[in-house]
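# Summary of the model geometry
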Amino acid sequence: MPERNNRFISGISACLTLAAGSLIIAAWLSFEPAFGIVKHVPGMDSGPTVAEAADETVDIGSNFRKTGEAVSFHPGSWPRFRGEDFDNISKETIPLADKWPEKGPPVLWSVSLGEGHSGPAVGGGRVYILDYDEASRSDALRCLSLADGNELWRRWYRVLVKRNHGMSRTIPAIADGVVVTIGPRCHVMCVDDESGDFLWGIDLEKEYGTEVPMWYTAQCPLIDNGVAVIAPGGKSLLIGVDCRTGNILWETPNPDGWHMSHSSIMPMSISGVDMYLYSSPEGLTAVGARGEETGKVLWRTKATENAVIAPSPVVLPGGRIFVTAGYGAGSILLEVTKKGTGYETEVLESYTPRQYLASEQQTPIFFRNHLFGILPKDAGNDRTQFVCYDPEGGMVFKSGREHQFGLGPYIIADGKFYILRDDGVLFMIRALTERYEELDAAKLLDGRDAWGPLAIAGGLLLLRDSKRLICIDVRE
């Protein structure tokens, strides 16, 4: 009898344990990590205080050191945030491997970085990355050889930047023989891409009254026909700067005081009119990019208003724009049409993170008439999964709970997605619109906050975690 009672009690205990476990799992799945966002003020999250920022004079580009000689030629380029065509899709025809060796793809070189999430730009056999050197307390533009990772030169300037979930976050822009960067505290610098010679700099905080975004600046600069296009917020919503002289060519007024976001400016064309598209916390704005309309606001909408926005707008065919953000914001599909001398905006769809593709940090990819991305933490049971959506319908596929990617970046090359998970595991996925097909995976980085955008050039893939940048060979 005692033995029978013991079995009975053990059975009851097991049932209670299972029930408790089920409740915990249910609670975890229903948990919404979105929270109220408070307005950033200097000094939050260990950033510089108001007094520290006001008293500091930053001599942009004041220091230089040459450490290497001319680089050997290597084909390919990745000249800016999201690549040549702003879509995060490589157009190179170099065949890439469908399977890696047992130990993963060859790591050609590795360099240490200051804590951050900035990504590299590549051109002319050189890699450019804006780093933060904690020893010298400086923003440092580092020019490395793509072939071996050796540093060729660095241009830096002292600026007070404290740890704030990382420091550097932006990607340089390379074009017309120059490199343009934006530092964590909104210092814009332009140098010659070969010699590193300093050309000009702008302190957006002091000159435009820019309010540094929460977690520092993540806006990546844009170069268009020899003009650096920047969105300061403050007294000017957007500005155009001559890349060679530093002269301000045009400024877009900002009477409503719209702020700088973490989003980057994207080019767009509607009915043959070229424009710059910018997503600020207060809404979405389009500014003329050519002729007499250059620098003028063509249209704007507050439909996309959100306290924190990191992904950039995704331009779709037919004047449609997909805008998403994290922290419960979800996503919106807009349509913009030209009406006489003006424009009309219409919200076609508005979704919660559980209804449709949304993204907290990375900008989704539009490929073969489908949207791809990684869902945010507030997407319910599908959180942090890699998904494919039909803009005219719903979800086509998801990677499944066994394949979750956190806030990791992704890119397309040679018909494959390369997705870097938070912990430093790189996944190679077939770029299909009907199913998730994993080709291979390899642990390549230590994996603390591996969030920095990827870059690929000539079959060499560049990826980073919070402290290290590596270059791997993914060629066939």
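Residues numbered from 1 in each chain as written. Predicted model: local features only at pLDDT ≥ 70, side-chain atom pairs only at ≥ 80, totals over all residues. Heavy atoms only, no water.

### Re the side chain of Ser 168
Within the element layout of this structure, Ser 168 appears in the loop between strand S6 (151–158) and strand S7 (173–175). Contact partners of Ser 168, with chain neighbours within four places excluded, come to Glu 115, Gly 116, His 117, Ser 118, Leu 130, Asp 131, Tyr 132 and Pro 184. (Helix = DSSP H or I, 4+ residues; strand = E, 2+ residues; numbered from the N terminus. Contact = heavy atoms within 4.5 Å.)

### Some details on the packing of aromatic side chains
By the definition in use, this model includes 14 aromatic pairs. Aromatic pair Tyr 351 and Tyr 356: ring centres 4.1 Å apart, planes at 15°, arrangement stacked. Tyr 356 carries the same exposure label as Tyr 351, and that label is buried. Taking 6.2 Å as the distance between ring centres and 55° as the angle between the ring planes, the aromatic pair formed by Phe 367 and Phe 372 counts as tilted. The class for Phe 367 is buried, based on a relative accessible area of 12%. Sitting above the plane of the Tyr 208 ring, Lys 235 keeps its charged end 5.0 Å from the centroid. (Phe/Tyr/Trp six-rings, centres within 6.5 Å; stacked < 30°, edge-to-face > 60°. Buried < 20%, exposed > 50% of the residue type's maximum accessible area, 1.4 Å probe, protein only. Lys NZ or Arg CZ within 6 Å of the ring centre and 35° of its normal.)

### Here's the deal with the pattern of salt bridges
Under the definition given, this model contains 27 salt bridges. In this structure, the salt-bridge partner of Arg 320 is Glu 392, at a minimum N-O distance of 2.7 Å. Of this pair, Arg 320 sits in strand S20 (residues 320–325) while Glu 392 sits in the loop between strand S25 (386–389) and strand S26 (395–398), and the two are 72 residues apart along the sequence. Taking the relative accessible area as the measure of exposure, Arg 320 reaches 14% and is therefore buried. The residue Glu 434 makes a salt bridge to Arg 435 at a minimum N-O spacing of 3.5 Å. Judged by relative accessible area, Glu 434 falls into the partly exposed class, the value being 47%. Salt bridges sharing common partners tie together Asp 98, Asp 414, Lys 416, Arg 430, Glu 434, Arg 435 and Glu 437. (Salt bridge = Lys/Arg side-chain N within 4 Å of Asp/Glu carboxyl O.)

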